[in-house]
Amino acid sequence: MGDLVIGARSGAGEPEGPGRRAARSAELSAPSAAVDDAAAQTADEQGAGAEDSPEPSQSETGSADGSESEAPAKPRKPRSFWKELPILIGIALILALVIKTFFVQAFSIPSESMQNTLQVGDRVLVDKLTPWFGAEPQRGEVVVFHDPGGWLNDEPTPQSSNSFLRGVQDVLGFVGLMPSANEKDLIKRVIAVGGDTVECEGEGPVKVNGVALNEPYIYPGNTPCGDHPFGPVKVPKGRIWVMGDHRANSLDSRFHMDQPGGGTVPVDNVIGRAFVVAWPISHWATLPVPSTFDQKGLAAAAPMAPPAAGAAGAVALLPLVRRVRGREERRKAS
């Protein structure tokens, strides 16, 4: 027992040999291996966690980058009414100008020469389309025409004293939305056309190609000749004879017989036929051709031309017919 107690030493160095160094090195390396194992295990756990966690979707990753390109386009803001108004006005003016030039134009009645058919201040619409297709004025029509020369020399051109109103009238008159103050035009009824013979003796009636006219449109109290009988007058081709319905207050063809054309108006000066009273509303009325101008005898001169030509042709062929008959008779005799 003493040996046991005496033989036991505490803190004394142990002998080093090859086996002991190997054991010691294994002991020294154990902690580092454990650290490496722990690091590997941690890395494995982190890798496993990364694999188990869901990957972000393409829509999530691209939402930031593609938000602008994939966003729906904003609706266009409608244009302001005040911005469109000048365009609408321009289109309206162009359409009015085209209509006035080729189709219909408004004219104002400045005098009493066509009463009671037309009153002072009435607005009539004039057909300008049919003359483009070669149509010519017919008897009984109410037509507007340019001054042939000298008819309106004494008539002042109506103008407003306000310069602004004059400018507005000039613009609207140019596009045809109101009568122009610068144009010297007249409005009368066609009584006779080229080739007709017209006359009026005493108090009337007016006769065309020898046929008396029944004129209920004449101003009450007037006579067909007014105070100026005329004729007979042969109307040249391409011209017309015109008279106002207010015979006592109309400087028409009767009063210009001493001028070139003998009081007649060139067809080329005719702007068009007035076909309706458009303003004021209370005066609204159409302007048809009176039935008296439908009399067959008025056109007697024209229908007589074909029979006359036929008679002349028959006379010219008469000698030839006689020769043929003489030959036939000689053949039969032989």
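Residues numbered from 1 in each chain as written. Predicted model: local features only at pLDDT ≥ 70, side-chain atom pairs only at ≥ 80, totals over all residues. Heavy atoms only, no water.

What about the environment of Asp227?
Part 1 of the argument: Position of Asp227 relative to the elements: it lies in the loop between strand 7 (211-212) and strand 8 (230-234).
Part 2 of the argument: By relative accessible area, Asp227 is classed as exposed at 61%.
Part 3 of the argument: Taking the C-alpha atoms as reference points, Asp227 and Asn249, 22 residues apart in sequence, are found 9.6 Å from one another. (Helix = DSSP H or I, 4+ residues; strand = E, 2+ residues; numbered from the N terminus. Buried < 20%, exposed > 50% of the residue type's maximum accessible area, 1.4 Å probe, protein only.)

Re a nonpolar patch on the surface
Part 1 of the argument: A grouping of Phe103, Leu129, Trp132 and Phe133 is seen on the molecular surface, where their side chains present a nonpolar patch of about 470 Å² in accessible area.
Part 2 of the argument: Inspection of the secondary structure puts Phe133 in the loop between strand 2 (123-127) and strand 3 (142-146). (Patch = residues over 30% accessible without salt bridge, like charges linked within 9 Å, V, L, I, M, F, W, Y side chains within 5 Å. Areas by Shrake-Rupley, 256 points an atom, 1.4 Å probe, with all protein chains shown as cover. Salt bridge = Lys/Arg side-chain N within 4 Å of Asp/Glu carboxyl O.)

A short note on the pairing of strand 4 (residues 185-193)
Part 1 of the argument: Extensive coverage of strand 4 is indicated by the burial of nine of its nine residues.
Part 2 of the argument: As defined by bridge partners, strand 3 adjoins strand 4 across five bridges and the pair is classed as antiparallel. Opposite Val142, over in strand 4, you have Arg189 as the bridge partner.
Part 3 of the argument: As judged from the four bridges shared by strand 4 and strand 9 (residues 239-243), these two strands associate in the antiparallel manner. Looking at the pairing, Arg189 lines up with Met243 of strand 9. (Pairing = 2+ DSSP bridges.)

Looking at the packing of aromatic side chains
Two numbers describe a pair of aromatic rings. These are the distance of the centres and the angle of the planes.
Part 1 of the argument: The tally for this structure, following the rule as stated, stands at two aromatic pairs.
Part 2 of the argument: With 5.8 Å between their ring centres and 90 degrees between their planes, Phe145 and Trp151 make a pair best called edge-to-face. When sorted by exposure, Phe145 lands in the same class as Trp151, which is buried. (Phe/Tyr/Trp six-rings, centres within 6.5 Å; stacked < 30°, edge-to-face > 60°.)

Some words on the pattern of salt bridges
Part 1 of the argument: Evaluation of the coordinates by the stated rule reveals five salt bridges.
Part 2 of the argument: The partner of Arg139 in a salt bridge is Asp196, and the shortest N-O contact between them spans 2.7 Å. One end of the pair, Arg139, is in the loop between strand 2 and strand 3; the other, Asp196, is in the loop between strand 4 and strand 5 (197-200), and 57 residues separate them in sequence. The residues Arg139 and Asp196 share a single accessibility class, namely buried.

Structural notes on the side chain of Arg247
Part 1 of the argument: Residue placement: Arg247 occurs in the loop between strand 9 and strand 10 (265-266).
Part 2 of the argument: A relative accessible area of 0% places Arg247 in the buried class.
Part 3 of the argument: Beyond its immediate chain neighbours, meaning those up to four positions away, Arg247 contacts Ile191, Val206, Glu215, Tyr217, Ile218, Asn222, Thr223, Pro224, Gly226 and Arg254. (Contact = heavy atoms within 4.5 Å.)

Some thoughts on the sheet that holds strand 5
Part 1 of the argument: What the four strands build is an open sheet, ordered 7-6-5-8; its pairing is antiparallel. Each edge of the open sheet is held by one strand with a lone partner, namely strand 7 and strand 8.
Part 2 of the argument: In the sheet, strand 5 pairs with strand 6 (residues 206-208) via three bridges, with the strands oriented antiparallel. In the strand pairing of strand 6, Cys200 is matched with Val206.

Description of the confidence of the model for the chain
Part 1 of the argument: For the chain, per-residue confidence averages 74 on the pLDDT scale, and 56% of positions sit at 70 or higher.
Part 2 of the argument: Here residues 46-67 scores under 50 on pLDDT; set against residues more than four positions off or in separate chains, the count is two contacts.
Part 3 of the argument: Counted against residues more than four places away or in other chains, residues 301-314, with its pLDDT under 50, gives zero contacts. (pLDDT = per-residue confidence, 0-100.)

What about the layout of surface pockets?
Part 1 of the argument: Estimated volume of the second largest pocket: approximately 270 Å³.
Part 2 of the argument: As for the second largest pocket, its lining consists of 15 residues, and the residues nearest its centre are Pro131, Ala135, Glu136, Pro137 and Val270.
Part 3 of the argument: Ranked by residue count, the leading element in the lining of the second largest pocket is strand 11 (residues 270-279), at three residues.
Part 4 of the argument: Its residues placed into classes, the lining of the second largest pocket shows six nonpolar, four polar and five charged. (1 Å grid on protein atoms, 1.4 Å probe; cavity = no way out; pocket = protein on both sides within 12 Å on 5 of 7 lines; lining within 4 Å. Points joined across faces, edges and corners; volume = space filled by probe spheres on them. Nonpolar A, V, L, I, M, F, W, Y, C, P; charged D, E, K, R; others polar.)

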